[in-house]
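The lines below spell out each chain.
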Amino acid sequence: MLKDLFSKLNKKVNETDSNDGTFENSASIMTKCPNCKKILYSKELYKRLNVCTNCNHHLPISSTERMEALMDEGTFTILFEEVTSANPLEFPNYESKLEKDKQKTGLNEAVVCAEGEIEGTRAVVAIMDSRFRMGSMGSAVGEKLARSFSHATERGLPVIVFTASGGARMQEGIVSLMQMAKVSVAIEKHNQAGLLYIAYMTNPTTGGVSASFASVGDINLAETGALIGFAGRRVIEETIKEKLPDDFQTAEFLLKHGQLDRVVDRNDMKDYLGKILRMHSGV
Amino acid sequence: MAFEFEKPILELEEKIGELEKYAVKNKLDLTKEISFLEKKVTDKKDEIYNNLTPWQRVEIARYIKRPTTLEYIDAVFDDFIEFFGDRVYSDDAAVVGGIATYKGSPVTIIGHQRGRDTKDNIKRNFGMAHPDGYRKALRLMKQADKFNRPVICLIDTKGAYPGRAAEERGQSESIARNLVEMAGLKVPVISIVIGEGGSGGALALGVCNRLLMLENATYSVISPEGAASILFKDASLKEIAAESLKITANDLKSLGIADEVIREPQGGAHNDRDAVYRSLDETLEKHLDELSTLDRDALMENRYQKYMDIGIYEEQS
């Protein structure tokens, strides 16, 4: 009888090694942590924002879940949803890939922007979602981020960007590379208005996104265990003919090398951001 | 002749050489035959060089004998004084910079520096910079901003160096920092792609009021080989990738990203250096003149607007 129970249980264990990583609609009762392999109650995991209660491994979280966890209930409105990708270079198969990811994620692009309150302080928040085209930045992502900064500059609001991206969106070629410059000019306007920008790097933040807005916050935070880097690990290993340490390009590695202000656990995110925002809000 | 695609020209020229020798040896008058072949050479050159594929331009842009940053500086500017170091860690020889006079006025010039032979390439790390290079560039840009002189950047790099030390010292941050700081400069910034414009490492010298590109220069988010292996899972499809990525000077001009294409001598800059120095000089002078009418705030605003307008997306109303 005991045996029966376990086999039943096993069937309901949600294997999260697949990259999909959202739990909001998950019907399974149990989830296996891909790091420590412990079987956890999905409900508990969900309450802890997909952070393993046993080993503190940060499992993926969708942009929607993060937005809801971060913003004060009923205070936020989604911005710029009308901006979506075209196919600027008429790159083969690009449209069908976009369509597939729209179906898969229910999102219409790799970033969600909103204005709302975090512990009572108003801010503009942009959250990238790596499930959509690896969170890569094309024209639509660039436009939504640039508009987020402009929107905040006009209203005198701080900006928080949660980065999660493989880099530039190759199917948009040079136009995607130029989005790095586009977001940068919008950041500089916001900066010159004396407003606060917090970059919050989540897993993974690499390539052109790492080499632009992700790294130039007034305050640079990163989530525990996040992969952050410019070049890919394999490319570097092939170039320097040397094996890299296990912690290479993790948030903790960057902290050690002076690239970050802090590494933050996801469950402390709202608390930290709330405090930082408050300390920058009264003039 | 440097490239495979030039073979048909080479073959015709060899034929002419043989005919000339034969004519001398046998005391024959082959003027008519030779001039016929010479005409064919001219036609062949037009046919090949006027229809270069994007990949062939990549080959020209990467050619070891193509003029590099220091050669342009030497030919186009006067009194160049090179300045070294990032004041943080090292002097990165993959980026050069300093001050010079141009048409009698001081300017700051910064550029990626490829090697001109193997030994030089080792010193220059093949023009692939570490954070130190980008930080040196930024230091010189801020110096230019303080003393109110234009910044001219010459772009010629495969990309930022993918290495361990580069990551440890903040490769991402150094590039990112340049992008936002360049956005805030209140002096004219003109960037000219003279060879290969490789991704973020190129853009770190490329947030400008005017982007100019030599006719055979390329500018891309990823190398055609990289795109072929990632997107098409086959590195040998680099020619198709080069085509799809739209990386040529003319492509960037039609996309509204490059402001002007600088003519090169037939077959590429290496075929007539003086000619390419002249055409770069003329185009640069024109754009610098146009920007000189803008005041400090207007220059920053002009740059802001240039980039805010780049992007092709859909918007449902």
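Quick caveat, the model's predicted, so the values are computed rather than measured. (Residues numbered from 1 in each chain as written. Chains lettered and ligands numbered in written order. Predicted model: local features only at pLDDT ≥ 70, side-chain atom pairs only at ≥ 80, totals over all residues. Heavy atoms only, no water.)

Pulling in residues and values, what's your account of the overall build of chain A?
Along chain A, the regular secondary structure elements total 10 helices and 12 strands. Since a compact globule built from 283 residues should have a radius of gyration of about 19 Å, the 19 Å found for chain A is in line with a globular shape. Projected onto its principal axes, the C-alpha coordinates of chain A cover approximately 70 × 45 × 40 Å. Here chain A holds 283 residues, and the buried ones make up 58% of them. Across chain A, every contact between residues at least 6 apart in sequence was considered, and the portion connecting residues at least 24 apart equals 65%. As displayed, chain A offers around 12200 Å² of accessible surface, 50% of which is attributable to carbon and sulfur atoms. Distance between charge centres in chain A, computed from 34 positive and 37 negative side chains, equals 5 Å. (Helix = DSSP H or I, 4+ residues; strand = E, 2+ residues; numbered from the N terminus. Rg over C-alpha atoms; globule rule 2.2 N^0.38 Å. Buried < 20%, exposed > 50% of the residue type's maximum accessible area, 1.4 Å probe, protein only. Contact = heavy atoms within 4.5 Å. Areas by Shrake-Rupley, 256 points an atom, 1.4 Å probe, with all protein chains shown as cover. Lys, Arg positive; Asp, Glu negative; His and termini not counted. Charge placed at Lys NZ, Arg CZ, Asp CG, Glu CD.)

Requested: an account of the UniProt feature "domain: CoA carboxyltransferase C-terminal" (unreviewed entry) in chain B, with residues and values cited.
On the UniProt side, "domain: CoA carboxyltransferase C-terminal" (unreviewed entry) is annotated at positions that read residues 29-290 of chain B here. Within the segment residues 29-290 of chain B, helix and strand shares are 46% and 19% respectively, and the terminal C-alpha atoms sit 57 Å apart. (UniProt positions renumbered as here; feature names shortened; annotations may be inferred.)

Give a detailed account of the nonpolar core, specifying residues and quantitative values.
In terms of nonpolar packing, the biggest core is built from 160 residues, with Phe213(A), Phe77(B), Ile192(B) and Tyr219(B) touching the most fellow members. Take this core: its biggest share by element is 10 residues, from helix 6 (residues 173-192) of chain A. For Phe213(A), the contacting residues outside a window of four places in its chain are Met128(A), Met137(A), Leu145(A), Val161(A), Thr163(A), Val183(A), Ile187(A), Tyr197(A) and Ala199(A). Counting 15 residues, the second largest nonpolar core, distinct from the first, contains Phe3(B), Phe5(B), Ile48(B) and Ile60(B). (Core = buried A, V, L, I, M, F, W, Y, C linked by side-chain atoms within 4.5 Å.)

Which residues make up the pattern of salt bridges, and what are the values?
A complete count under the given rule lists 47 salt bridges over all chains for this structure. Between Asp101(A) and Arg133(A) there is a salt bridge, with the nearest N and O atoms lying 3.0 Å from each other. Pair noted here: Asp101(A) is in helix 4 (residues 94-105) and Arg133(A) is in the loop between strand 7 (121-128) and helix 5 (139-155), with a separation of 32 residues, a long-range link. One salt bridge in this structure joins Lys7(B) and Glu4(B), with 3.7 Å as the shortest N-O distance. The class for Lys7(B) is partly exposed, based on a relative accessible area of 43%. Look at Glu4(B) and you get exposed, because its relative accessible area is 59%. Here the salt bridges do not stand alone but share partners, grouping Glu82(A), Glu143(A), Arg147(A), Lys182(A) and Glu315(B) into one network. (Salt bridge = Lys/Arg side-chain N within 4 Å of Asp/Glu carboxyl O.)

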